[in-house]
Structure formats: C-alpha cells, structure tokens
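Geometric and topological summary
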Amino acid sequence: MDYNDIKARLERLYLALNSRLDSNIESRIRVEHGVEGIYHTVSVSFDGGTDVADLGNKVGWIIGGIADLKDNLKNEVRRRGMSSGLIENKIKGSPHLQLIIDLANSQKHGYPLTKPERSGRSPKIVDIGTGLQGRTDKDNPSMSFSMDPFTGKFSSTGNVAIVISADIVDADDNYIMSLEDLIEGAMGQWQEIFELLKL
C-alpha cells in the first residue's frame, strides 16, 4: 500500500475519527460514593481515568488529519486534470473547514497565528473531556441506556458511546461551536469532494 495514496490517507483519517468514540462503556465508568452531612452522595463519571493529554493528542490527530486533506485533495484534483481552485473554493465557503485549518496551523506554528487566518476568529480548543452520547440514524432509529449508580452496572441499546468532547472558542473565549459539530461539518464538506472524485 502506498502511504501517500489518497484512499490510504482517508482510511487512516476514519480510524482517527473513530478513536474519539468508545463503546466499551462499562470499563470507563467510575462511581464514587461519599457522605455530605446526612446525605449519601454518588458521583458518576465516564472518563475511566483518561488523561487529558491523551484526549488532546487524539483531538490533535483528528484536527490535523482533516486539515491535511486540503493539500492531498488539491494534489488529487490536479492529478485528474482539474483545478485546485475547487478545493480552495470549498474552504472559502465553509466556516468549518476554515476553523479546522486554523486550529491545525495553531498546532503546527503556535497560538495565536502570526499569518492571516482563514476564519478570522483565532479559534482554540478548550474544555477537552469525555461524555456519554447516544445517536440515532436510519439504521439505529432509537437508543437507550440505564445505569445503577451504586454498582456502576450499565446497559444500553442502539448507538451509545463515550465520546471526546470539547468546545471551540475565539480569542476572547466566545463560544463558536462544539468539537463534534466542527468535525461533522468539516467532514460533510469534504464528503462532497469525495463524492465528486468517487473516492
């Protein structure tokens, strides 16, 4: 397999995207019991002791992988005799792709960027953590979960997973969007190019 082949790159990117989801929920549940005065307290978290640095690495891997498609797709369209302006126009019309590229450039060059940004928002990633998420789609129209807070026993049906979460904010810490919305929006834009190129 050619490491630089566009299909190989996409395969690696989808692996990175899937690394933000963990369906092995029960192994990640932490239940802590305590007493506050006359009350018994129960705290439940789904981080399983995950290191924030590890989560940050995964987020960086995903952001970089999505942003790196810019140059890979430009090369692919030129190889097919098309203009790389197709890719630049897609980026210019997509706040999601602009933010992704700015975030990737911040990882590479440091924050804040000294060269012009694509988004003009000086984005940064804050509040990286994990949370429980349920999703529905045409193949899985419903989902549910339950957990005994005393034992940590967990059961679910449908598409339920622990997901890496974070917020994207501007230089003044004004909320722009969630990491999940950023990834979904950017990949949706690239998906249009994938379909055009039949990748």
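1. Quick look at the packing of helix H4 (residues 95-109) against helix H5 (residues 179-197)
- Running from N to C, H4 and H5 point in directions that differ by 110°, and their axes come no closer than 8 Å. In terms of orientation, H4 lies roughly perpendicular with respect to H5. Here H4 runs over H5; the crossing is left-handed. Of the residues in H5, those touching H4 at His96, Leu97, Leu99, Ile100 and Leu103 are Asp181, Leu182, Gly185, Ala186, Gln189 and Trp190.
- When its residues are assigned to classes, the contact of H4 with H5 shows 7 nonpolar, 3 polar and 1 charged.

2. Describing the confidence of the model for the chain
- With 98% of its residues at a pLDDT of 70 or more, the chain shows a mean pLDDT of 89.
- Confidence scores differ between elements of the chain, with strand E3 (residues 39-45) showing the lowest mean pLDDT of 83 and strand E8 (residues 175-178) the highest of 98.

3. Some remarks on the packing of helix H2 (residues 52-79) against H5
- Running from N to C, H2 and H5 point in directions that differ by 20°, and their axes come no closer than 11 Å. The orientation of H2 relative to H5 falls into the category roughly parallel. Classified by chirality, the crossing of H5 by H2 is left-handed. Across the interface between the two elements, Val59, Ile62, Ile63, Ile66, Leu69, Lys70, Leu73, Glu76 and Val77 of H2 pack against Leu179, Leu182, Ile183, Ala186, Met187, Trp190, Ile193, Phe194 and Leu197 of H5.
- Across the contact of H2 with H5, the residue classes tally to 16 nonpolar, no polar and 2 charged.

4. A few points about the environment of Arg28
- Along the polypeptide, Arg28 turns up in the loop between strand E1 (21-22) and strand E2 (30-36).
- On the accessibility criterion, Arg28 (13% relative accessible area) is buried.
- Sequence separation of Arg28 and Thr50 is 22 residues, and the distance between their C-alpha atoms is 8.5 Å.
- A distance of 2.8 Å separates the side chain of Arg28 from the side chain of Asp22, its partner in a polar contact.

Cut-offs and rules
- Residues numbered from 1 in each chain as written.
- Predicted model: local features only at pLDDT ≥ 70, side-chain atom pairs only at ≥ 80, totals over all residues.
- Heavy atoms only, no water.
- Axes fitted to C-alpha atoms, helices over the stretch in contact; angles between N-to-C directions.
- Helix = DSSP H or I, 4+ residues; strand = E, 2+ residues; numbered from the N terminus.
- Parallel < 35°, antiparallel > 145°, perpendicular 65-115°, else oblique.
- Left-handed = near helix turned anticlockwise from the far one by under 90°.
- Contact = heavy atoms within 4.5 Å.
- Nonpolar A, V, L, I, M, F, W, Y, C, P; charged D, E, K, R; others polar.
- pLDDT = per-residue confidence, 0-100.
- Buried < 20%, exposed > 50% of the residue type's maximum accessible area, 1.4 Å probe, protein only.
- Polar contact = N/O pair within 3.5 Å; in protein donor to acceptor, adjacent residues only side chain to side chain.

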